[in-house]
Amino acid sequence: MGEPLLQVRDLKKHFPVGNRLLGRERGWVKAVDGISFTINRGETLGLVGESGCGKTTTSKLILAAEAPTAGAIEFEGRDIASLHGQELMEYRRRVQVVFQDPFSSLSPRMRVGEIIGEPIEAHEKLLRRQVQSRVQELLELVGLRADMARLFPHEFSGGQRQRVAIARALSTNTRLVVLDEPVSALDVSIRAHIIRLLEDIQRRLGVSYLFIAHDLAAVSHLSQQTAVMYLGKLVEVADSLELCATPLHPYTKALFAASLPSHPDEPREEIVLSGEVPSPLNPPRGCHFHPRCPFVMPRCSEQEPELLELAPGHSVACHLYP
Amino acid sequence: MATIPVHATPLGGVSRVARRSYRLVAEVPSIPLLMLSILVLAAVFAPAIAPHGKLTPVKPTPEQCQAKFGMADCPYVDNVPPFWSAGGTLGTPLGTDFMGRDVLSRLMYGARISLVVALTGTLFAGAIGTLLGVLAGYLGKWWDQIIMRITDAWLTLPSLVFAILLSSVRGPGLWNMVLILALVFWSRYSRAVRGEVLALRERDFVKLAEINGIPKLRIIWRHLIPNVMNTVMVLFSLQVGVAVIIEASLSFLGVGVPPPEPSWGLMMAQERESLMEGKWWLAVFPGTCITMLVLSANMLGDWLRVRLDPQLRNR
Amino acid sequence: MPPLLRVQDLKTHYFGFRGTRVVKAVDGISFSLEAGETFGLVGESGSGKTTACHSIVRLLPSSARIVSGSIELEGENLLDKSPAAMRAVRGRRIATILQDPMASLDPLFSIYGQVAEPAYYHQALRGQPLRQRVKELLTAVRIPSPERRMKEFPHQMSGGMRQRIVGAIAQAGGPRVIIADEPTTNLDVTIQLQYLNLLKDLQRASGVALIFVTHNLGIVAKMCDRVAVMYAGKIVEAQSVRGLFYAPRHPYTRALLDSMPKLGTKEPLYAIPGQPPDLSKLPAGCSFHPRCPHVMERCRTEEPPEHSIGDGTTARCWLPIHEAARG
């Protein structure tokens with residue numbers, strides 16, 4: 001515990017946009033523009049942000065579904081960009097993903113046992129019997145019955161399907177699971193089940209999570225550390241409880257203000273952001289957040305703030321601090 | 001509409017089993033299945049249940065010979081009408097043709113030909129077309145370009161003319177027909193399947209498999225092909241009807257199954273003039289069989305389409 | 001003074017398989033709504049809340065029928081109206097805002113065309129007065145530069161803007177009641193806040209009554225004055241919002257509240273055992289009993305009636321009332 005598993009350094013992903021035919025590019029979509037963070041063994045990092053902030057692209061980069069434009073992703077000390085062939089397959093074993101929609105993430109014509117066993121078959125040379133017994137163990141781990149392996153996905157409810165997706169994600173001795181909004185599509189009463197299941201699995205197996213979501217409450221519940229992303233950059237990173245107690249960045253404060261109360265009298269700071277979430281195609285100059293910031297200063301439109309560690313474990317990118 | 005009071009629901013005393021069977025019967029397309037089963041059974045069991053042979057003339061009774069030729073014995077009696085008309089007998093219920101062969105038996109044997117040719121031809125067309133469609137849709141880039149351009153070109157060829165061309169090259173014969181049908185119709189599948197695959201490719205479970213490092217061929221086999229089967233099955237049942245007609249047309253034109261084999265199309269061709277001469281049964285019965293097969297295949301295909309599309313089904 | 005909208009003992013059933021299978025999506029709900037009030041209808045999938053809304057505007061699919069009950073809008077029973085009369089009600093007196101703005105907006109028509117449509121049909125505005133009205137509506141929902149935006153199309157706008165335009169369309173006919181069915185589920189958190197604040201302001205300005213259908217108790221806490229919680233087609237609890245959060249009367253409500261993650265604490269969440277109900281196979285007695293932590297013998301066999309606890313508070317539960325209260 002506490003030992004780094006995944007380290008991301010100054011990661012960037014820029015997509016070219018524009019008419020290549022005319023020989024010039026009109027611009028770049030800077031989906032991810034220089035982010036750095038660490039996920040330790042057995043711990044969870046929460047990544048919060050709204051649409052267009054780059055969290056989906058970040059997850060794709062970590063899953064090696066896209067190659068970064070710049071920066072490095074180091075897994076157990078090795079840069080994944082240098083991995084090829086068998087080593088890359090090893091990486092894919094160790095890092096898996098659970099998607100948001102339980103209805104489309106499972107192949108409709110495969111039995112659940114086959115779905116869970118697929119990564120095992122692709123990565124390990126095991127006998128059929130061995131794969132089957134591993135599948136049964138996994139089903140029980142996620143709170144389903146072993147005899148459900150022969151059923152098809154449509155015979156399960158949403159929450160159960162998500163459990164199957166989690167079982168599949170853990171099937172190959174996984175070290176890191178990227179959870180991409182795993183409970184947003186589920187009924188309210190089922191979310192608690194899945195969150196508890198994830199906590200339980202982390203305790204038992206020491207798996208790390210990258211928990212990507214827009215629900216601050218769920219994220220801060222499950223994660224030790226939370227990072228807030230805005231338009232391709234990290235604006236604040238802190239221990240989850242501390243972030244809830246003392247959010248520093250104005251955007252973080254706005255997110256808290258906007259998150260729904262858990263009862264009618266819960267105090268909320270009145271921060272309503274004006275305008276829309278800007279598009280990453282044409283980010284504002286200087287601090288990306290300055291056009292919507294209630295505390296904007298002249299400096300903010302000229303110079304981009306750096307992510308500085310203000311207190312142990314708590315970093316902010318804002319000219320207000322120090 | 002005002003509130004409608006509901007009578008006591010029929011659910012009350014009905015057992016679960018009875019309810020399930022009712023559902024099954026009400027939902028299943030009984031008419032096409034019935035028609036199809038008759039044809040399939042006739043085809044499969046033709047040697048056992050056909051009253052006479054398919055090529056040999058029927059041995060007539062002395063009365064028939066007397067009535068027709070004024071002799072006590074004759075090798076065959078031609079153009080006997082169906083049993084409900086004057087001059088017909090129950091021994092040849094649907095009459096005999098110009099060579100004295102029993103029409104019913106020939107229809108039964110003819111079912112074999114039509115079904116075999118239509119089904120296997122369409123099957124091969126489907127297999128080729130689906131495979132090419134999946135490769136074009138999933139692998140994209142050059143695969144897509146090449147396969148789709150060929151498909152587009154192929155689709156512009158008029159099927160009957162093309163079939164005639166091919167058969168003049170290959171010559172008549174049962175298996176040549178199957179080959180021709182496969183070659184003519186595969187392009188219809190590849191177009192539709194490619195479209196499906198393009199959509200499927202973006203679905204989460206395919207992306208998940210890619211992220212897991214599952215090899216592409218495996219993804220095609222386990223994730224893509226099973227999920228396009230819906231579309232393929234519907235296309236298949238609709239194509240069977242077309243294949244039957246093409247086969248019948250080719251045989252009619254003399255470039256399909258050669259005589260004396262009892263292909264329905266051939267039977268109609270040989271009896272073209274008989275229709276004018278009043279011997280209607282020789283052309284109408286084969287025509288009815290073709291109609292039955294095509295109609296039931298189409299209705300089945302339509303039912304499948306609605307059943308397999310969750311949005312159209314009214315559950 | 002009769003309430004603005006009064007629903008009494010509404011039952012809507014779905015009939016499948018030629019009448020052999022009945023799903024009681026809404027099975028006897030009653031509530032009322034006053035002008036200017038925000039009423040929350042809370043439930044998960046399968047609770048019947050969406051069917052209830054469709055029943056109120058009588059836009060049910062052909063397999064569903066309103067089987068009994070009454071829906072009175074300003075004293076008139078909507079269930080007695082002919083289809084033509086209902087068309088005059090929809091949009092003009094009751095409007096709806098649905099979850100997915102891309103599904104509510106027609107991609108082929110300009111914003112002007114879509115916002116103008118209800119005003120055109122229900123208030124017979126034409127030409128210049130119509131343009132003026134559209135501009136007013138767009139300004140009211142805080143669309144910047146409405147003159148320019150009017151000519152644009154839905155795909156040119158962001159999700160938050162589209163939902164605001166849907167709000168403008170809802171207001172265009174000048175309705176007394178707006179039913180909003182999960183309008184913010186697809187919106188980002190900060191946009192959601194803007195939108196909810198906007199709805200509240202619109203309501204204050206026009207005195208319209210709002211029925212907010214949601215599964216999110218947080219929205220209820222923020223927006224609503226009174227709440228009804230639905231489970232398996234019935235209202236299991238109805239209260240003022242404060243009452244619901246401080247003293248929930250029904251075990252289901254209490255369980256829902258305990259299962260919500262709360263900011264700033266890692267207290268373990270309470271996970272309601274079991275699955276949301278299958279409406280075609282409801283258990284005998286109280287529909288919630290298989291999942292209820294306080295289940296008693298009586299709950300398994302007898303369906304609890306709606307107990308009125310005074311002050312508009314009702315609960316459908318066999319527990320003695322003081323035991324069910326939190327505290």
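Bear in mind that the values here come from a model prediction, so they are computed numbers and not experimental data.

K.L.:
Is there a simple way to think about the overall build of chain A in this case?
P.N.:
Regarding its fold elements, chain A presents nine helices and 12 strands. The C-alpha radius of gyration computed for chain A amounts to 21 Å, which stays within 12% of the reference 20 Å derived for 322 residues, consistent with globular compactness. Referenced to the eigenvectors of the C-alpha coordinate spread, the extents of chain A come out at roughly 65 × 60 × 40 Å. Considering only contacts within chain A whose residues lie at least 6 apart along the sequence, 65% involve residues at least 24 apart.

K.L.:
In this structure, what is going on with the overall build of chain B? I would like to understand it.
P.N.:
Within chain B, the regular secondary structure consists of 13 helices and zero strands. The secondary structure elements of chain B, listed N-terminal to C-terminal, are α-α-α-α-α-α-α-α-α-α-α-α-α. If you take every contact in chain B between residues at least 6 apart in sequence, the share linking residues at least 24 apart comes to 67%.

K.L.:
Where do I start with the nonpolar core in this structure?
P.N.:
Soluble globular proteins: nonpolar side chains tend toward being buried together. A:L210, A:F211, B:L181, C:V115, C:V177, C:I211 and C:F212 are the most contacted members of the largest nonpolar core, which has 250 residues in total. In terms of residue count, helix α5 (residues 103-139) of chain B provides more of this core than any other element does, 15 residues in total. Those residues within four positions of A:F211 in sequence are excluded, and the remaining contacts are A:T44, A:L45, A:G46, A:L47, A:L179, A:V219, A:L222 and A:S223.

K.L.:
I would appreciate a short explanation of helix α1 (residues 49-56) of chain C in the present structure.
P.N.:
Because an α-helix packs 3.6 residues into every turn, residues spaced three or four apart end up facing the same way. The buried count for α1(C) comes to seven of eight residues, which makes it a mostly enclosed element. Count one or two residues on from α1(C) and you reach C:R58, which has phi positive near 55°.

K.L.:
When you look at the interface of chain C and chain A in this model, what are you seeing that I'm missing?
P.N.:
By a frequent convention, interface size equals the accessible area lost on bringing the separate parts together. Contact with chain C, which involves 34 residues of that partner, is made by 32 residues of chain A. Counting only elements with at least two residues in the side of chain C that touches chain A, the list comes to α8 (189-206), α9 (217-223), α10 (241-246) and α11 (251-259) of chain C. Ranked by the residues each element gives to the side of chain C that touches chain A, the list is headed by α8(C), at six residues. In terms of residue class, the side of chain C that touches chain A is made up of 15 nonpolar, 13 polar and six charged.

K.L.:
Explain the sheet that holds strand β5 (residues 78-79) of chain A here, please?
P.N.:
Sheet strands associate in pairs through backbone hydrogen bonding, adopting either a parallel or an antiparallel arrangement. All names here are of chain A. Pairing is antiparallel in the open sheet, where four strands are placed in the order β2-β1-β4-β5. Because the sheet does not close on itself, it has two edges, and the strands there are β2 (27-40) and β5. Across the face of the sheet, helix α1 (residues 55-62) comes into contact with β1 (4-17), β2 and β4 (70-75) while running at roughly 65° to β2.

K.L.:
Help me understand the sheet that holds strand β11 (residues 307-310) of chain C in this model?
P.N.:
All names here are of chain C. In spatial order, the strands read β6-β7-β8-β3-β9-β10-β12-β11; together these eight strands make up an open sheet with mixed pairing. Only two strands of the sheet have a single partner each, and these edge strands are β6 (94-97) and β11. Strand after strand, the sheet turns through a mean of 20° between neighbouring axes, direction not considered. The pairing of strand β10 (residues 234-240) with strand β12 (residues 313-315) spans two bridges and is classified as antiparallel. In the strand pairing of β12, A238 is matched with T314. Packing of α1 onto the sheet brings it into contact with β3 (38-42), β6, β7 (177-181), β8 (209-214) and β9 (226-231), and relative to β7 it is tilted by some 150°.

K.L.:
Can you help me understand helix α13 (residues 281-308) of chain B in this one?
P.N.:
Taking 1.5 Å of rise per residue, the 28 residues of α13(B) would be expected to cover 40 Å, and the 40 Å separating its terminal C-alpha atoms lies within 8% of that figure. Where α13(B) is buried, its residues meet α2 (30-44), α5, α10 (216-252), α11 (264-270) and α12 (272-276) of chain B.

K.L.:
For this particular structure, what's the right way to read the confidence of the model for chain B?
P.N.:
A low pLDDT means the predicted coordinates there should not be read in detail. Residue and element names in this part refer to chain B. Scored by pLDDT, chain B has a mean of 80; 89% of the residues are at 70 or more. Mean pLDDT per element in chain B: helix α1 (residues 16-27) is the minimum at 58, and helix α6 (residues 141-156) is the maximum at 90. Scored below 50 in pLDDT, residues 1-14 shows 17 contacts in the model against residues more than four places distant or in partner chains. Two summary scores accompany this predicted model of the complex, namely pTM at 0.81 and ipTM at 0.82.

K.L.:
Help me out: how do you make sense of the pairing of β1(A) in this one?
P.N.:
Consecutive side chains along a regular strand alternate between the two faces of the sheet. Residues and elements named next belong to chain A. Bridge analysis of β1 against β2 gives 11 bridges, and the strand direction is antiparallel. Residue pairing across strands places L11 opposite I35, the latter belonging to β2. Alignment of β1 against β4, held across five bridges, turns out to be antiparallel. Along β4, the bridge assignment pairs R9 with A72.

K.L.:
Got a minute to help me understand the packing of helix α5 (residues 127-140) of chain C against helix α7 (residues 159-172) of chain C in this structure?
P.N.:
Helix packing for two helices is described by the angle between their axes and how far apart those axes are. Residues and elements named next belong to chain C. At a minimum axis distance of 9 Å, the contact between α5 and α7 shows a crossing angle of 130°. With respect to each other, α5 and α7 are oriented oblique. Crossing of α5 over α7 shows right-handed handedness. Every residue of α7 that contacts α5 at L137, L138 and A140 is listed here: A168, Q171 and A172. Within the contact of α5 with α7, the residues separate by chemical class into five nonpolar, one polar and no charged.

K.L.:
Can you walk me through the environment of C:I66 in this structure?
P.N.:
All names here are of chain C. For I66, the position within the fold is in strand β4 (residues 64-73). On the basis of neighbour counts, which here come to 24 C-beta atoms within 10 Å, the residue I66 falls in the buried class. Distance from I66 to V26, taken between C-alpha atoms, is 8.9 Å for residues 40 residues apart in sequence.

K.L.:
What am I meant to see in unusual backbone geometry here?
P.N.:
Residues other than glycine predominantly adopt negative phi, and peptide bonds predominantly adopt the trans conformation. Here the phi dihedral of A:D10 falls at roughly 50°; this positive angle occurs in a residue that is not glycine. Looking at the element boundaries, A:D10 is found in strand β1. Judged by C-beta crowding, with 12 C-beta atoms within 10 Å, A:D10 ranks as exposed. Unusually for a residue other than glycine, C:E182 sits at a positive phi of about 50°.

K.L.:
Quick question: what am I supposed to make of the packing of α7(C) against α8(C) here?
P.N.:
Residue and element names in this part refer to chain C. Contact geometry for α7 and α8: axes closest at 10 Å, N-to-C directions at 15°. Considered as vectors, α7 and α8 are oriented roughly parallel to each other. At the point where α7 passes α8, the crossing takes the right-handed sense. In this structure, α7 uses G160, Q163, R164, G167 and Q171 to contact α8, whose residues at the interface are I191, Q194, Y195, L198, L199 and L202.

K.L.:
Just checking my understanding: could you explain the environment of A:C318 for this structure?
P.N.:
Residue and element names in this part refer to chain A. Following the sequence through the fold, C318 ends up in the segment after β12 (314-316). A count of 23 C-beta atoms within 10 Å places C318 in the buried class. As a C-alpha pair, C318 and L308 span 10 residues in sequence and 8.5 Å in three-dimensional space. Excluding anything up to four places from it in sequence, C318 contacts L248, H249, P250 and P305.

K.L.:
Any chance you could explain the environment of B:A127 here in plain terms?
P.N.:
Residue and element names in this part refer to chain B. Relative to the assigned elements, A127 resides in helix α5. For A127, a count of 14 C-beta atoms within 10 Å puts it in the partly exposed group. A C-alpha to C-alpha distance of 24 Å links A127 and S249, two positions 122 residues apart in sequence.

K.L.:
So what exactly am I meant to see when it comes to the pairing of β8(C) here?
P.N.:
Residue and element names in this part refer to chain C. Of all six residues that make up β8, six are buried, and the element is covered over most of its length. Covered by surrounding structure in β8 are A209, I211 and V213 together with L210, F212 and T214, the residues of both alternating faces. With five bridges joining them, β3 and β8 adopt parallel strand pairing. Note on β8: the bridge partner recorded for G40 is F212. Here β7 pairs with β8 via five bridges, running parallel. Across the sheet, the residue bridging to I179 is I211, located in β8.

Parameters at a glance
- Residues numbered from 1 in each chain as written.
- Chains lettered and ligands numbered in written order.
- Predicted model: local features only at pLDDT ≥ 70, side-chain atom pairs only at ≥ 80, totals over all residues.
- Helix = DSSP H or I, 4+ residues; strand = E, 2+ residues; numbered from the N terminus.
- Rg over C-alpha atoms; globule rule 2.2 N^0.38 Å.
- Contact = placed C-beta atoms within 7 Å.
- Core = buried A, V, L, I, M, F, W, Y, C linked by C-beta atoms within 7 Å.
- Buried ≥ 20, exposed ≤ 12 C-beta atoms within 10 Å, placed from the backbone.
- Nonpolar A, V, L, I, M, F, W, Y, C, P; charged D, E, K, R; others polar.
- Pairing = 2+ DSSP bridges.
- Axes fitted to C-alpha atoms, helices over the stretch in contact; angles between N-to-C directions.
- Expected span 1.5 Å × (residues − 1).
- pLDDT = per-residue confidence, 0-100.
- Parallel < 35°, antiparallel > 145°, perpendicular 65-115°, else oblique.
- Left-handed = near helix turned anticlockwise from the far one by under 90°.

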